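A look at the structure
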Amino acid sequence: MISTMSNTDAVMDIASRPPTVFVAGQGSWLTDSDGRRYLDFIQGWAVNCLGHSPRPIIEAMAKQAEALINCSPAFYNDRMIQLSDMIAGHSGLHQVFLANSGAEANEGAIKLARKWGAKHRDGAYEIITMDHGFHGRTLATMAASGKSQWEQLYEPKVPGFVKVPLNDLAAVEAAITPRTVAVMLEPIQGEAGVFEATIPFLRSLRALTRDKGLLLILDEIQTGIGRTGRLFGFEHAGTTPDIMTLAKGLGGGVPLAALVAHRDVCCFDYGDQGGTFCGNPLMAAAGCAVIEQVTQPGFLARVEQAGGRLTNGLRVLSQRHSCGEVRGLGLLLALDLKCDTAAAVVELARKRGLLINGPRPDSLRFMPALTVTDAEIDGMIDILDTVLSDVMPA
Ligand SMILES: *Cc1c(COP(=O)(O)O)cnc(C)c1O
């Protein structure tokens, strides 16, 4: 058993993975094949919002697996209807297409905007997106992303995306042409290293897109489902998008995503959009369980409180080790190290039983379970303190 697990030859080599092999998880903790435990502040990339193997998801999926796993997206099923209702009701938007990954939901958003442009804007199709933005790994969502490492990759690019700097309203205005149909961005750029779209920028962008008859598309794949202390990131700015995408936290660990839109924008004709697994009741049951938990009274207030505790802890470390600012909201936070030591910090932390992420050479990112306890936050800060003592230049 162990020997087959340590031979990784058949696993496609797409990332520099540590030799650790994980076999179990519970709450904020992961266990590897040697029985070592790790405090997990990555949580599947901000995916396991209720932690590893939470009871509500286990129970919802076990019950659903007994009842119905899949019946084709060409039919309604009860969980598809229930989850769509929940998302529409909580977001103030009206219609939901369930999908399997963030990139797929964003592809759907791009297609819906292009379809709407073809029908209502004289064939306008261009989408203005942000430098350093991240929207996924399909060809179109890579083109929509503003990751500089991808500029020369998989040519030729899908056309129709124009990039501007984040928080620069004048640049957005200058980029608008008769071909423009939408502006698309993340409320907080997660993969870029946790950089917020400012509230004034989001508000002016909403006013500008309304004024020019353009769609506002918010990619809430990382910020949605309670991650920032509100159910959706856009609530901080008090503005509603025309189209929103969700994934990561929505399934609490299982592959589930959603394209969510205002009724005025929903203009797909039959056959324009679909997917074999889209809306399957097994994953939708997990999504219902997640939203039920995250919308319990007090849940989001607790996320804010935990985020405050983590922010304070990181600020103390920053002072002690001469790092820079703490960025982000709720439980999507980053620490600026002010030097390119993130990779070394991440590696030493793992050796000491802590999993964190370095989205940039000079930054650490923290995205624990939304159910993380105060003791776990304090434990994380303690381990990171020892790691920074050993890695940071004196
Ligand atoms: C993770 C992420 C995506 C891509 O989601 P996948 O499920 O990996 O396809 C898109 N946008 C944002 C903001 C993300 O954080």
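Residues numbered from 1 in each chain as written. Predicted model: local features only at pLDDT ≥ 70, side-chain atom pairs only at ≥ 80, totals over all residues. Heavy atoms only, no water.

**Some details on the overall build of the protein chain**
This is how it is decided: Only runs of H or I of at least four residues qualify as helices and only runs of E of at least two qualify as strands under DSSP, and these elements are numbered from the N terminus. We compute the radius of gyration from the C-alpha atoms alone; for a globule the expected value is 2.2 Å times N to the 0.38, where N is the number of residues. Each residue's exposure class comes from its accessible area (1.4 Å probe, protein chains only) as a fraction of the maximum for that residue type: buried when under 20%, exposed when over 50%, partly exposed otherwise. In what follows, a contact means two residues having at least one pair of non-hydrogen atoms within 4.5 Å. Each accessible area is a Shrake-Rupley estimate made with a 1.4 Å probe; only the visible protein chains count as cover when residues are assessed. Neither His nor the chain ends is counted toward charge; the positive residues are Lys and Arg and the negative residues Asp and Glu. One atom stands in for each charge, and that atom is NZ of Lys, CZ of Arg, CG of Asp or CD of Glu.
Helix and strand content of the protein chain: 12 helices and 17 strands. Relative to the compact-globule value of 21 Å for 394 residues, the protein chain shows a C-alpha radius of gyration of 21 Å, a close match. Burial statistics for the protein chain: of 394 residues in total, 52% are counted as buried. Taking as baseline every contact in the protein chain between residues at least 6 positions apart, the subset at least 24 positions apart corresponds to 71%. Accessible surface, the protein chain: about 17600 Å² in total, of which carbon and sulfur atoms supply 53%. Taking the average place of the 35 positive charges on the side chains of the protein chain and the average place of its 42 negative ones, the gap between the two points comes to 1 Å.

**Structural notes on the site of the ligand**
So the rule is basically this: Each residue is tested against the molecule or strand, and it is near if at least one of its non-hydrogen atoms lies within 4 Å. We call two N or O atoms a polar contact when they sit within 3.5 Å, provided that within protein one can donate a hydrogen and the other can accept it, with sequence-adjacent residues counted only if both atoms are side-chain atoms.
Neighbouring the ligand are the residues Ser101, Gly102, Ala103, Asn106, Phe134, His135, Gly136, Glu186, Asp219, Ile221, Gln222 and Lys248. Here an oxygen atom of the ligand and a backbone polar atom of Gly102 are 2.8 Å apart. At 2.7 Å from an oxygen atom of the ligand is found a main-chain nitrogen or oxygen belonging to Ala103. For the ligand, the accessible surface in isolation is 390 Å², of which the surrounding protein chains cover 81%. Here the element with the most residues in the shell around the ligand is helix α5 (residues 102–120); it accounts for 3 residues.

**Topic: helix α10 (residues 299–320)**
Counted only if it meets this: In this scheme, a helix's expected span is set at 1.5 Å multiplied by one less than its residue total.
Between its terminal C-alpha atoms α10 stretches 32 Å, which fits the 32 Å expected from 22 residues at 1.5 Å a residue. For α10, the complete set of buried residues consists of Phe299, Val303, Ala306, Gly307, Leu310, Thr311, Gly313, Leu314, Leu317 and Ser318. Next to the buried residues of α10 lie α9 (281–294), β13 (326–329), β14 (332–336), β17 (363–366) and α12 (374–391). At the exit of α10 stands Ser322, carrying a positive phi of roughly 55°.

**Structural notes on the sheet that holds strand β15 (residues 354–355)**
Pairing between the strands of a sheet is mediated by backbone hydrogen bonds and can be parallel or antiparallel. Cut-off, in case you're wondering: The criterion for strand pairing is that DSSP finds at least two bridges linking the strands in question.
Read from one edge of the open sheet, 4 strands run β1-β2-β3-β15, paired in mixed fashion. Unpaired on one side and paired on the other, β1 (22–26) and β15 mark the two borders of the sheet.

**Overview of unusual backbone geometry**
In the segment running from Glu155 into Pro156, the intervening peptide bond is cis, with an omega of -5°. For Pro156, the location among the structural elements is in the loop between α6 (139–144) and β6 (161–164). Phi at Ser53 takes a positive value of approximately 45°, unusual for a residue other than glycine. Tracing the sequence through the fold places Ser53 in the loop between α2 (43–46) and α3 (55–67). For Ser53, a relative accessible area of 40% corresponds to the partly exposed category.

**Let's talk about the domain arrangement of the protein chain**
Cut-off, in case you're wondering: Where each domain starts and ends follows an automatic or database-derived domain assignment. Any Lys or Arg side-chain nitrogen located within 4 Å of an Asp or Glu carboxyl oxygen qualifies as a salt bridge. Residue classes follow a fixed rule: Ala, Val, Leu, Ile, Met, Phe, Trp, Tyr, Cys and Pro count as nonpolar, while Asp, Glu, Lys and Arg count as charged, and any other residue, Gly among them, counts as polar.
For the protein chain, the domain assignment lists domain 1 (57–294) and domain 2 (298–391). Once you take the C-alpha centre of each, domain 1 and domain 2 turn out to be 28 Å apart. At the interface, 20 residues of domain 1 touch 18 residues of domain 2. In this structure, the connection of domain 1 to domain 2 is made through 1 salt bridge. Salt-bridge contacts for Glu191 lead to Arg365; the nearest nitrogen and oxygen are separated by 3.1 Å. Split into classes, the residues belonging to the side of domain 1 that touches domain 2 amount to 7 nonpolar, 9 polar and 4 charged.

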